[in-house]
Amino acid sequence: MPGVIAAFTGADLASEWAAPMPCAWPVTPDMKNPPHYPLATQRACYVGDGVAVVVAESPEQAIDALAGIVVDYEEEPAVTDLEDAAADRVLVHPDIGTNRAYTWELISDPDALKKAFDSAAHTVKERYIQQRLIPAAMEPRGVCVVPHPFGGDFTVYSATQIPHILKVMLGITCAVPETSLRVVAPAVGGGFGSKLNVYAEELLALALARKLRRPVRWVEERSEAALATIQGRGQIQEIELAADADGKITAVRVHLIADMGAYLQLVTPGIPLLGAFLYHGVYDVPVYGFSCTSVFTTKTPTDAYRGAGRPEATYAIERAIDALARKLEMDPAEIRRRNFIRPEKFPYSSAAGLVFDSGQYEMALDKSLELVGYDQLRQEQRRRRENGSARLLGIGLSSYVEMCGLAPSRVLASLNYSAGGWEAATVRVLPTGTVQVVTGTSPHGQGHVTSWSMLVADRLGVDPQNVEVLHSDTAVSPHGMDTYGSRSLSVGGTAVAMACDRVLDKARVIAAHQMEVAEEDLEVSAGTFSVRGTPEKSMTLQQVAFEAFTAHNLPDGTEPNLDGSITFDPPNFTFPFGTHVAVVEVDTETGKVDLVQYAALDDCGNQINPLIVEGQVHGGIAQGAAQALWEEAVYDDSGNLLTATLADYLVPSAAELPSFKTGATVTPSPTNILGVKGVGEAGTIASTPAVMNAVVDALSHLGVTQLDMPASPEKVWRALTNVGKEAGR
Ligand code: MCN
């Protein structure tokens with residue numbers, strides 16, 4: 001056809017791959033991982049599994065040519081329901097003989113767990129559905145691979161969160177020496193975890209550029225993104241709480257069935273584990289049990305989506321604690337207060353095996369209630385109920401803690417993750433005094449250039465305008481572990497700060513030598529080294545950098561140039577926390593829910609840039625509220641995605657959201673020199689349960705307590721109609 005350069009099936013390209021597509025998280029030794037290649041050869045296992053590729057001069061010509069391909073599919077039954085998948089009635093991959101990818105357990109003390117439930121004064125058992133979500137970054141994915149005119153080198157431009165990891169994986173999968181690959185992640189257009197992956201299209205673009213000896217580009221369309229970019233969540237959760245007569249929780253037991261989709265992508269199997277340690281939330285729970293069975297379905301693979309495992313955990317515990325409060329007829333704030341881990345217990349060793357760094361949970365709750373005007377809202381709620389108003393008010397709380405700053409490499413090893421959790425940084429003071437920072441993080445909307453400039457300026461006493469931050473290009477920043485898991489500031493930013501300290505140490509040696517004084521006699525302030533007691537005798541950092549550059553008069557053994565490099569492996573996760581309060585109005589006649597007020601109190605330790613922190617919280621809240629009220633990937637029984645456009649998949653805009661009230665407390669983390677904790681996912685983690693608790697809070701007096709997300713008008717209306725029928729109304 002016009003403009004077509006080449007067309008290939010999966011079989012045509014089979015010899016291009018040295019290994020299947022990577023899954024870096026084999027969570028158990030017996031985990032099932034069916035071979036996954038960029039194009040299917042025998043069986044396509046989900047709608048979105050590529051079977052052929054066309055390379056043409058223009059995207060339009062390629063699309064026309066794709067329409068000319070006839071695929072002779074022989075249809076097999078789909079498996080879309082998770083419990084059905086676990087029953088192994090229809091197998092997604094008959095070769096492996098089961099749909100169960102793995103079972104993973106974390107039970108601190110099985111006897112104590114049983115005993116706690118047997119002897120509990122109160123128990124609640126809840127079942128929740130985490131619907132699948134479709135990440136909707138501002139820009140979908142895109143990749144362009146340029147072969148160098150001579151030799152076998154390639155430059156790969158990809159809209160990825162992980163240029164460094166991608167480079168390693170491309171090398172392994174396509175048998176290209178790492179030295180022949182340069183990966184550049186330019187302005188990425190958002191990712192929210194969905195670009196923390198190695199995708200078929202990236203491998204195809206590289207293999208085709210190699211085969212055809214010309215640049216190859218691919219840019220995803222929005223509906224393709226819905227099918228072929230990973231999806232998030234996808235779990236059935238069962239959570240049980242045991243409590244004593246006063247409402248003090250004595251044990252938590254959780255079982256999940258997690259939807260892997262048709263294949264395991266880069267970190268698919270690990271996502272439930274990122275929540276596994278947190279189903280007891282912010283509460284001091286002595287006995288804990290968690291298990292997860294993960295299953296294959298004939299749907300798009302799942303993987304990391306903002307929060308990855310932690311929103312799911314927070315949702316389950318925060319809804320369950322509200323269920324316990326209802327059972328005990330206790331205010332949701334009061335039951336939380338009774339169960340919080342107390343400030344004096346930090347560092348707190350949890351029954352799940354983590355050590356929480358620092359926290360003041362009750363303070364965050366108190367401040368959030370103040371922010372939203374809790375007592376007045378409860379009065380207003382009562383008033384509307386008494387007046388028989390058709391617009392009921394619901395107030396929902398969510399107190400959260402999350403583990404981020406992924407992660408100490410040794411801990412990742414204990415979870416069978418195939419990479420480390422360190423981060424690299426280099427800080428160079430150039431001869432003219434400009435500071436160049438090389439970071440291994442890879443921002444895609446989080447503002448690292450601004451934040452890193454601020455923290456370098458602060459530490460070195462230079463103007464932030466004079467700091468250049470280089471990132472996301474493996475030729476410029478060869479070492480890095482990239483951006484996800486709200487790790488960048490607490491690991492990458494800390495590395496930058498430590499590299500600054502190395503620079504200052506070296507500068508001090510040079511300045512002391514130049515001014516012929518002892519190092520101890522020097523004071524450093526605002527980028528100037530001055531002699532204690534004789535402030536007029538001083539050198540600026542810029543002067544020191546110039547001396548280090550000319551190297552005419554350096555102390556013996558001091559290397560020229562003023563720079564410092566470090567690779568920092570964090571000693572622990574960081575544990576940000578807070579309480580969010582959502583206020584909704586529910587129209588009992590139509591079932592429509594309006595989110596009318598929202599207050600967020602977050603504690604991410606010291607803040608480098610409060611405006612960015614607030615922006616991160618805002619975006620996170622919008623995303624989490626969207627899961628509660630609007631977003632859901634809907635499949636039919638044959639495994640067709642029914643919500644593959646933004647007309648069917650309801651991503652909210654500003655019009656659906658109130659102005660958020662935000663506040664902060666500051667409880668520094670003792671695990672890094674900046675005292676910071678992550679914030680990139682906090683809003684998403686906290687907001688979903690806050691909003692759902694608010695919806696249930698509006699309706700529970702009418703008997704509606706079981707409600708799944710998204711709380712669409714139809715679902716709410718049906719729930720109200722059903723309880724009405726039961727009550728003979
Ligand atoms: N920050 C701060 N003080 C703190 C904590 C953070 O000033 N105590 C600042 C940091 O300096 C940084 C920003 O807040 O500029 C986020 O830092 P951090 O919490 O370390 O998170 P990461 O930079 O590692 O970002 C990852 C996180 C994740 S996992 C997802 S998903 C996500 C998110 O960030 N995806 C995003 N935020 C996003 N924001 C945008 N615009 N687009 C995405 O795709």
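Treat the numbers as computed from the prediction; the structure is a model and nothing was measured.

What counts, and where the lines are drawn
Residues numbered from 1 in each chain as written. Predicted model: local features only at pLDDT ≥ 70, side-chain atom pairs only at ≥ 80, totals over all residues. Heavy atoms only, no water. Pairing = 2+ DSSP bridges. Helix = DSSP H or I, 4+ residues; strand = E, 2+ residues; numbered from the N terminus. Axes fitted to C-alpha atoms, helices over the stretch in contact; angles between N-to-C directions. Contact = heavy atoms within 4.5 Å. Near = heavy atom within 4 Å. Polar contact = N/O pair within 3.5 Å; in protein donor to acceptor, adjacent residues only side chain to side chain. Areas by Shrake-Rupley, 256 points an atom, 1.4 Å probe, with all protein chains shown as cover. Nonpolar A, V, L, I, M, F, W, Y, C, P; charged D, E, K, R; others polar. Domains from an automatic or database assignment. Buried area = accessible area lost by both parts, 1.4 Å probe. Salt bridge = Lys/Arg side-chain N within 4 Å of Asp/Glu carboxyl O. Buried < 20%, exposed > 50% of the residue type's maximum accessible area, 1.4 Å probe, protein only. Parallel < 35°, antiparallel > 145°, perpendicular 65-115°, else oblique. Left-handed = near helix turned anticlockwise from the far one by under 90°. Core = buried A, V, L, I, M, F, W, Y, C linked by side-chain atoms within 4.5 Å. Expected span 1.5 Å × (residues − 1).

Details of the sheet that holds strand β11 (residues 287-296)
- Read from one edge of the open sheet, 5 strands run β3-β11-β10-β9-β4, paired in mixed fashion. Sheet topology places β3 (100-107) and β4 (122-133) at the edges, where each strand pairs with a single neighbour. Going across the sheet, the axis of each strand differs from the next one's by a mean of 10°, ignoring polarity.
- Judged from the 7 bridges that link them, β3 and β11 form a sheet pairing that is antiparallel. Note on β11: the bridge partner recorded for Tyr102 is Ser294.
- Seen against the sheet, helix α3 (residues 110-118) touches β3, β4, β9 (232-243), β10 (249-261) and β11 and runs at an angle of roughly 110° to β10.

Some words on the site of the ligand
- Near the ligand you find 32 residues, and of these Gln446, His448, Ser488, Gln616 and Val679 are the closest.
- In this structure, Lys677 approaches the ligand through a main-chain N or O atom, which is 3.2 Å from a nitrogen atom.
- Within the backbone of Gly680, a nitrogen or oxygen atom sits 3.0 Å from an oxygen atom of the ligand.
- Protein chains bury 95% of the 840 Å² of accessible surface belonging to the ligand in isolation.
- When contributions to the shell around the ligand are tallied by element, the ones reaching two or more residues are α13 (448-460), α14 (488-515) and α16 (610-629).
- Among the residues forming the shell around the ligand, the class breakdown is 9 nonpolar, 19 polar and 4 charged.

A short note on the domain arrangement of the protein chain
- For the protein chain, the assigned domains read domain 1 (4-75 + 136-228), domain 2 (358-400 + 576-729) and domain 3 (422-568).
- Taken together, the 17 residues of domain 1 in the interface contact 15 residues of domain 3.
- Of the roughly 1200 Å² buried at the junction of domain 1 and domain 3 (both faces included), carbon and sulfur atoms supply 54%.
- For the domain 1 face of the interface with domain 3, the top three residues by lost area are Gln161, His164 and Arg182, together amounting to 49%.
- For the pair domain 1 and domain 3, the number of links is 1 salt bridge.
- The residue Asp473 makes a salt bridge to Arg182 at a minimum N-O spacing of 2.5 Å.
- Connecting domain 1 to domain 3 are 8 residue pairs in polar contact (both at pLDDT 80 or more).
- Elements represented by at least two residues in the side of domain 1 that touches domain 3 include exactly α4 (163-174) and β7 (181-184).
- Looking at the side of domain 1 that touches domain 3, its residues break down into 10 nonpolar, 5 polar and 2 charged.

Some words on the sheet that holds strand β6 (residues 154-158)
- Here we have 4 strands laid out as an open sheet, ordered β7-β6-β5-β8, and mixed in their pairing. In this open sheet, the two strands that pair with only one neighbour each are β7 and β8 (216-219). Sheet twist, expressed as the mean angle between neighbouring strand axes with direction ignored, is 10°.
- Where strand β5 (residues 142-147) lies against β6, 5 bridges are found, and the strand directions are antiparallel. The partner of Cys144 across the bridge, within β6, is Tyr157.
- The strands touched by helix α5 (residues 200-212) within the sheet are β5, β6, β7 and β8, with β5 carrying the most contacts at an inclination of about 25°.

Some thoughts on the pairing of β5
- Burial runs high along β5: 5 of the 6 residues are buried.
- For β5 and β8, the ladder comprises 4 bridges, and the chain directions are antiparallel. Along β8, the bridge assignment pairs Gly142 with Val219.
- Between the antiparallel neighbours β5 and β6 lie 6 residues, among them Gly151 with a positive phi of about 75°.

Notes on the environment of Leu274
- Considering the arrangement of structural elements, one finds Leu274 in helix α7 (residues 271-276).
- Remark: the alpha-carbon pair of Leu274 and Gly307, spanning 33 residues in sequence, is separated by 8.9 Å.
- In contact with Leu274, not counting residues within four places along its chain, are Trp25, Ala308, Gly309, Arg310, Met403 and Leu406.

A look at the packing of α4 against α5
- One can describe the packing of α4 onto α5 by two numbers: an axis separation of 10 Å at closest approach and a directional angle of 55°. When the axis of α4 is compared with that of α5, the two are oblique. Where α4 crosses over α5, the two elements pack in a sense that is right-handed. The segment α4 lies against α5, with Leu166, Leu170, Thr173 and Cys174 engaging Glu202, Leu203, Leu206 and Arg210.
- Here the contact of α4 with α5 is composed, by residue class, of 5 nonpolar, 1 polar and 2 charged.

What to know about the nonpolar core
- Residues Trp104, Ile239, Phe290 and Phe356 are the most contacted members of the largest nonpolar core, which totals 170 residues.
- Here this core spans two domains, and each of domain 1 (4-75 + 136-228) and domain 2 (358-400 + 576-729) adds at least three residues to it.
- Counting 42 residues, the second largest nonpolar core, distinct from the first, contains Ala425, Val469, Leu504 and Phe568.

Regarding α13
- Over its 13 residues, α13 runs 17 Å from end to end, which matches the ideal 18 Å to within 8%, given 1.5 Å per residue.
- Those residues of α13 that fall on the buried side of the exposure criterion are His448, Ser451, Trp452, Ser453, Leu455, Val456, Ala457 and Leu460.
- At its buried positions, α13 is contacted by β15 (423-429), β16 (435-439), β17 (467-470), α14, α15 (541-550) and α16.
- Downstream of α13 by a residue or two, Gly461 has a phi angle that is positive, lying close to 70°.

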